[in-house]
Amino acid sequence: MTYFRPEIEAMAGYVPGEQPQTDRFIKLNTNENPYPASPAVARAIEETLHSGLNKYPDPMGWEFRRKAAEVLDVEPDWILAGNGSDDILTIVTRAMVGQGQLLRLPYPSYILYETLAQIQGARSEEVHFRPDWSLPPHFGESAGDLRLVFLPNPNSPSGTVVPPEQVLELAQRLPCPLLVDEAYGDFAETNCLELVEKCEKVLVCRSLSKSYALAGLRFGFVVAQPQMIRQLAKVKDSYNCDALSIAAATAAIGDRDWLAENRGRILATRKRLSAGMRELGFDSVDSQANFTWNTHSEQPVEPIHERLRQDRILVRYMDYAGWGDGLRITVGTDEQIDACLERLREIV
């Protein structure tokens, strides 16, 4: 006898990247920030601890919403906070996609999107990127029961970006909301935040895990027009963000100088990583994220991944059916990237 819905029994479930509970690895596999968060984060956490954790947190996270609104130049009621951007993706999917209805996503992209559709008992449609990582015209076409479209921008694993003017054109053609997942948006040259005001159907999701070095805390948010936020708020858990994460996220997003300095370091190291991989014969896609996507035309990359792991250097091997495989390498510190490139020179 089974006690679970058929959709749950049938699905494989999302598998996160390897998370060894030791510091003996050079960890370049899950796109974490290699540097400590803003010092303001620790101070905010200490102040919150001093005040006590015996009371429930603000269910809507207004402290964060006000600070984020100031930074992003929107009104606070255009923002909804979540327990990581994955929580936001879950809320949006639960609110908009019903059983048997359709969710569209580009391929290859974030594997979780398909999992969210499966949990809902919904259908998912994968639209393949072109070889140059641009989207084909039919990505923006209508379809029966199409309720939601996800667009990771920058995309993972490629790190590529669909320009905002093309995103707006897609949104205007689609019959349903378009969620632009900007988990890596702070590392890109452009973003889609301005589109939210121009088109009700555009929602922009952000994470503090990558650019703010808070992956261990879990905090994300979505920017959308207020009437959209009000409906999404009905679906979220009652207290989906705890007091510590709200205080820390508020302090982090308010430290603009830290973000600018950290971003500059990441982008400089990303340039070195891409150049180093190309010198070794890899095809390294121009990235606007904190990682690079690397393929090799002359030798398989999975054994390279295994050799690196034997030397305690973790990168992400990803194999997409109907597309191909590659190595996604997170931009670490200069020292970490030097060690990775040095070992790759010995392997290839």
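The rules we used
- Residues numbered from 1 in each chain as written.
- Predicted model: local features only at pLDDT ≥ 70, side-chain atom pairs only at ≥ 80, totals over all residues.
- Heavy atoms only, no water.
- Helix = DSSP H or I, 4+ residues; strand = E, 2+ residues; numbered from the N terminus.
- Rg over C-alpha atoms; globule rule 2.2 N^0.38 Å.
- Buried < 20%, exposed > 50% of the residue type's maximum accessible area, 1.4 Å probe, protein only.
- Contact = heavy atoms within 4.5 Å.
- Areas by Shrake-Rupley, 256 points an atom, 1.4 Å probe, with all protein chains shown as cover.
- Lys, Arg positive; Asp, Glu negative; His and termini not counted.
- Charge placed at Lys NZ, Arg CZ, Asp CG, Glu CD.
- Pairing = 2+ DSSP bridges.
- Axes fitted to C-alpha atoms, helices over the stretch in contact; angles between N-to-C directions.
- Core = buried A, V, L, I, M, F, W, Y, C linked by side-chain atoms within 4.5 Å.
- Salt bridge = Lys/Arg side-chain N within 4 Å of Asp/Glu carboxyl O.
- Polar contact = N/O pair within 3.5 Å; in protein donor to acceptor, adjacent residues only side chain to side chain.
- Expected span 1.5 Å × (residues − 1).
- Arc of directions from axis to C-beta.

S.K.: Help me understand the overall build of the chain, please; the structure alone is not making it clear to me.
M.R.: Along the chain, the regular secondary structure elements total 12 helices and 12 strands. The C-alpha radius of gyration of the chain comes to 20 Å, within 12% of the 20 Å expected for a compact globule of 348 residues. Along the longest, intermediate and shortest principal axes, the C-alpha atoms of the chain span 55 × 55 × 50 Å. Of all 348 residues assigned to the chain, the portion counted as buried reaches 53%. In the chain, 73% of the contacts between residues at least 6 apart in sequence involve partners at least 24 apart. For the chain, the exposed surface amounts to about 16,100 Å²; the carbon and sulfur share of it is 47%. Each charge sign in the chain was given a centre, from 36 positive and 49 negative side chains, and these centres are 2 Å apart.

S.K.: Help me understand the sheet that holds strand β1 (residues 26–28), please; the structure alone is not making it clear to me.
M.R.: The pairing of strands in a sheet comes from backbone hydrogen bonds and takes either a parallel or an antiparallel form. Read from one edge of the open sheet, 5 strands run β1-β11-β12-β10-β9, paired in mixed fashion. Two strands close off the open sheet at either side, each with one partner strand: β1 and β9 (283–284). Relative to strand β12 (residues 324–330), strand β10 (residues 291–295) runs antiparallel, the two being bridged by 4 bridges. Bridged to W293 within β12 is R328. Contacting β9, β10 and β12, helix α10 (residues 256–279) crosses the sheet at an angle of about 10° to β10. Where helix α11 (residues 302–310) meets the sheet, its contacts fall on β11 (313–320) and β12, and the angle it forms with β11 comes to roughly 160°.

S.K.: What should I look at first to understand the nonpolar core in this one?
M.R.: For soluble globular proteins, nonpolar side chains are generally found buried alongside one another. In this structure, F64 and L178 are the most contacted members of the largest nonpolar core, which totals 53 residues. For this core, the element with the highest residue contribution is helix α9 (residues 243–254), accounting for 5 residues. Apart from the residues lying within four places of it in its own chain, the contact partners of F64 are I79, A81, F219, F221, I246, A249, T250 and I253. Judged by nonpolar contacts, the second largest core, of 26 residues, contains L28, V301, I304 and V331.

S.K.: Before we go on, may I ask you to explain the side chain of T250 in this structure?
M.R.: Among the structural elements, T250 can be located in helix α9. A relative accessible area of 9% means that T250 is categorised as buried. If near-sequence neighbours (up to four positions away) are discounted, T250 is found in contact with E63, F64 and K67.

S.K.: Please clarify how the side chain of K236 should be interpreted in this entry.
M.R.: Turning to its location among the elements, K236 is positioned in the loop between α8 (226–233) and α9. Buried within the structure, K236 lacks any salt-bridge partner; D58 is the closest side chain of opposite charge, at an N-O distance of 7.6 Å. Among the polar contacts listed, one links the side chain of K236 to the backbone oxygen of P59, at a separation of 2.7 Å. A polar atom in the side chain of K236 sits 3.4 Å from the side chain of N240.

S.K.: Help me understand the pattern of salt bridges, please; the structure alone is not making it clear to me.
M.R.: In the structure shown here, the tally under the stated rule is 14 salt bridges. Close ionic contact of D186 with R206 constitutes a salt bridge, the shortest N to O distance being 3.7 Å. Remark: R206 occurs in strand β7 (residues 202–207) and D186 occurs in the loop between β6 (178–181) and α7 (193–198); sequence separation between them is 20 residues. Overall, the relative accessible area of 18% leaves D186 in the buried class. Measuring nitrogen to oxygen at the nearest pair gives 2.4 Å for the salt bridge that ties R272 to D338. Placement of the pair is R272 in helix α10 and D338 in helix α12 (residues 334–347), with a sequence separation of 66 residues. Relative accessible area serves as the criterion here: at 35%, R272 is assigned to the partly exposed category. Residue D338 is classed as partly exposed on the basis of its relative accessible area of 36%. Salt bridges sharing common partners tie together K67, E70 and R256.

S.K.: So what exactly am I meant to see when it comes to α10 here?
M.R.: The periodicity of an α-helix, 3.6 residues per turn, causes residues three or four positions apart to be oriented the same way. Here α10 is 24 residues long and its end C-alpha atoms lie 35 Å apart, about the 34 Å a rise of 1.5 Å per residue gives. Those residues of α10 lying buried are W258, L259, N262, I266, T269, R270, L273, S274, G276 and M277. Elements in contact with the buried residues of α10: α2 (39–51), β9, β10, β12 and α12. Where α10 ends, the next residue or the one after it, G281, has phi of about 95°, a positive value.

S.K.: Hey, could you run me through helix α3 (residues 62–72) in this one?
M.R.: Burial in α3 covers these residues: F64, R65, A68, A69 and L72. Across the axial projection of α3, the buried residues extend over an arc of 130°, all falling on one side. For α3, the secondary structure elements touched by its buried residues are β2 (79–82), α7, β7, β8 (220–223), α8 and α9. One or two positions beyond α3, positive phi appears at D73, with a value near 65°.

Coordinates in, geometry out; function isn't part of it.
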